[in-house]
Amino acid sequence: QSTVRELAKIPATGWDYGRSAIVATIEAEHDHDGTAVQHFLPAGTFALLPMSHRRFSIVWVEKPDQVKRLCQGSRENFERELQQRAGHEFGALTLIEGPQHFPLRLQIARRLHAPRLALLGDAAHTTHPLAGQGLSLGLRDVGFLTHHLSQNARLGLDIGAGDLLDAYDRSRRFETV
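Residues numbered from 1 in each chain as written. Predicted model: local features only at pLDDT ≥ 70, side-chain atom pairs only at ≥ 80, totals over all residues. Heavy atoms only, no water.

1. Thoughts on unusual backbone geometry
(1) Moving on: With an omega of 5 degrees, the peptide bond between Gly 98 and Pro 99 qualifies as cis.
(2) Moving on: Structurally, the position occupied by Pro 99 is in strand β5 (residues 93-109).
(3) Moving on: At Asp 33, a position not held by glycine, the phi torsion is positive, near 50 degrees.
(4) Moving on: Relative to the elements of secondary structure, Asp 33 occurs in the loop between β1 (12-28) and β2 (37-41).
(5) Moving on: Exposure remark for Asp 33: the relative accessible area of 65% places this residue in the exposed category.
(6) Moving on: Residue His 53 is not a glycine yet carries a positive backbone phi of 60 degrees.
(7) Moving on: Secondary-structure assignment places His 53 in the loop between β3 (44-50) and β4 (55-62). (Helix = DSSP H or I, 4+ residues; strand = E, 2+ residues; numbered from the N terminus. Buried < 20%, exposed > 50% of the residue type's maximum accessible area, 1.4 Å probe, protein only.)

2. Some details on helix α5 (residues 162-176)
(1) Moving on: The terminal C-alpha atoms of α5, which comprises 15 residues, lie 20 Å apart, in line with the 21 Å expected from a rise of 1.5 Å per residue.
(2) Moving on: The elements touched by buried residues of α5 are β5, β6 (113-114), β7 (117-118), β8 (125-126) and α4 (133-154). (Expected span 1.5 Å × (residues − 1). Contact = heavy atoms within 4.5 Å.)

3. Here's the deal with the packing of α4 against α5
(1) Moving on: Running from N to C, α4 and α5 point in directions that differ by 160 degrees, and their axes come no closer than 11 Å. Here α4 lies roughly antiparallel to α5, going by the angle between them. Between α4 and α5 lies a crossing whose hand is right-handed. Between α4 and α5, the contacting residues are Leu 137, Arg 140, Asp 141, Phe 144, Leu 145, His 148, Leu 149 and Asn 152 on the first element and Leu 164, Ala 167, Tyr 168, Ser 171, Arg 172, Glu 175 and Thr 176 on the second.
(2) Moving on: Its residues assigned to classes, the contact of α4 with α5 shows seven nonpolar, four polar and four charged. (Axes fitted to C-alpha atoms, helices over the stretch in contact; angles between N-to-C directions. Parallel < 35°, antiparallel > 145°, perpendicular 65-115°, else oblique. Left-handed = near helix turned anticlockwise from the far one by under 90°. Nonpolar A, V, L, I, M, F, W, Y, C, P; charged D, E, K, R; others polar.)

4. What to know about the pattern of salt bridges
(1) Moving on: Taken as a whole, this structure holds eleven salt bridges when the rule is applied.
(2) Moving on: Residue Asp 16 pairs with Arg 105 through a salt bridge whose shortest N-O separation is 3.2 Å. Residue Asp 16 is found in strand β1, and its partner Arg 105 is found in strand β5; the two are separated by 89 residues along the sequence.
(3) Moving on: For Asp 158, the salt bridge goes to Arg 116, with nearest N and O atoms at 3.0 Å. Of this pair, Asp 158 sits in the loop between α4 and α5 while Arg 116 sits in the loop between β6 and β7, placing them 42 residues apart in sequence. (Salt bridge = Lys/Arg side-chain N within 4 Å of Asp/Glu carboxyl O.)

5. Structural notes on the nonpolar core
(1) Moving on: With 19 residues, the main nonpolar core has Ile 26, Leu 48, Ile 58, Trp 60, Phe 78 and Leu 82 as its most contacted residues.
(2) Moving on: Breaking this core down by element, the ones donating at least two residues are β1, β3, β4, α2 (64-72), α3 (75-86) and β5.
(3) Moving on: Here this core gets four residues from one element, more than from any other, and that element is β1.
(4) Moving on: One finds Ala 109, Leu 119, Ala 124 and Tyr 168 within the second-largest nonpolar core, a separate group that totals ten residues. (Core = buried A, V, L, I, M, F, W, Y, C linked by side-chain atoms within 4.5 Å.)

6. Here we look at the packing of aromatic side chains
(1) Moving on: Throughout the structure, instances matching the rule amount to four aromatic pairs.
(2) Moving on: When the centroid spacing of 5.7 Å and the interplanar angle of 50 degrees are considered together, the rings of Phe 144 and Tyr 168 count as tilted. One end of the pair, Phe 144, is in helix α4; the other, Tyr 168, is in helix α5, with 24 residues separating them in the sequence.
(3) Moving on: Judged by its relative accessible area of 0%, Tyr 168 is buried.
(4) Moving on: A connected cluster of aromatic rings, assembled from ring pairs, spans Phe 46, Trp 60 and Phe 78. (Phe/Tyr/Trp six-rings, centres within 6.5 Å; stacked < 30°, edge-to-face > 60°.)

7. Re the side chain of Ser 20
(1) Moving on: Take Ser 20: it is sitting in strand β1.
(2) Moving on: The exposure class of Ser 20 is buried, given its relative accessible area of 9%.
(3) Moving on: Excluding anything up to four places from it in sequence, Ser 20 contacts Trp 60, Val 61, Glu 62, Val 67, Phe 102, Pro 103 and Leu 104.

Here it is as structure tokens:
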């Protein structure tokens, strides 16, 4: 739902996965020592992503009816179901912030650029949050642009030149698709 993409009138194509991601910040009773955990459950992935201290960010993929029940139910019920999926390796888990939920969708912009504008990251493409693939794609978008923009700037060339943006589109499209 990129405002920049919409203002640039760049259409996107894709489909819904029929799942939503629940995200929240939780605190564990025991230190996680930087350990990330990911479970592959029938409805989708469940990930505990370590933050500072004893906190985790969670990404919990569920069917829409379960998402509604979990996010609109009581805090106690959410924590109970969270603990059931996470296990007891880190002790009791307490909800700190959230939960929020987002529908999951595969989406790719038809073009990755417009005059003097480049789309990158989630504005250009979204994918299922499995294994951080979307983050990896977005970081590679940034890497390409950073390298080529700085190269053009060093040479005194226009950093918003159409040929640079065309090259970005061609280079990133293949990997993204």
